[in-house]
Amino acid sequence: MNTNDVLALKDSAVAEVAAATDLAGLDALRVKYLGRNGLLPQIMAAIKDVPPADKKLFGQTANTFKNDVQAAVDARKEVL
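Because the structure is predicted, anything quoted here is derived from the model rather than measured.

Rules of the game
Residues numbered from 1 in each chain as written. Predicted model: local features only at pLDDT ≥ 70, side-chain atom pairs only at ≥ 80, totals over all residues. Heavy atoms only, no water. Helix = DSSP H or I, 4+ residues; strand = E, 2+ residues; numbered from the N terminus. Buried < 20%, exposed > 50% of the residue type's maximum accessible area, 1.4 Å probe, protein only. Contact = heavy atoms within 4.5 Å. Salt bridge = Lys/Arg side-chain N within 4 Å of Asp/Glu carboxyl O. Patch = residues over 30% accessible without salt bridge, like charges linked within 9 Å, V, L, I, M, F, W, Y side chains within 5 Å. Areas by Shrake-Rupley, 256 points an atom, 1.4 Å probe, with all protein chains shown as cover.

The helix and strand inventory of the chain stands at four helices and zero strands. The N-to-C order of helical and strand elements in the chain reads α-α-α-α. In terms of overall dimensions, the chain has C-alpha extents of about 40 × 20 × 15 Å along its principal axes. Buried residues in the chain amount to 31% of all 80 residues. In the chain, the share of contacts with a sequence separation of at least 24, taken over all contacts with a separation of at least 6, comes to 63%.

This paragraph deals with the pattern of salt bridges. This structure, assessed with the given rule, holds five salt bridges. Lysine 10 is paired through a salt bridge with aspartate 11; the nearest N and O atoms lie 3.5 Å apart. Overall, aspartate 11 belongs to the partly exposed group, its relative accessible area being 48%. One connected set of salt bridges, linked through shared partners, spans Lys10, Asp11 and Asp68.

Another point: a nonpolar patch on the surface. A cluster of nonpolar side chains, contributed by Leu23, Val79 and Leu80, occupies part of the molecular surface with about 280 Å² of accessible area. Taking relative accessible area as the criterion, leucine 80 reaches 37% and is therefore assigned partly exposed.

Right under this line is the structure:
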């Protein structure tokens, strides 16, 4: 996994969240991406496999993933 993979996953996650039609579906997406067994912990675990020179950028990208997906979930929850 590299930073481009994480950015692509972020874009698809935000799109899925934006398309959620009810609160139950929105919560399922939140768990899928940000939950304990979701995608975010897998991304964070992948940091150990990233070359040392790329770790800082990968970590920043992982944080961007978390923040953007959480913001999308919060915004969609307000709408629903």
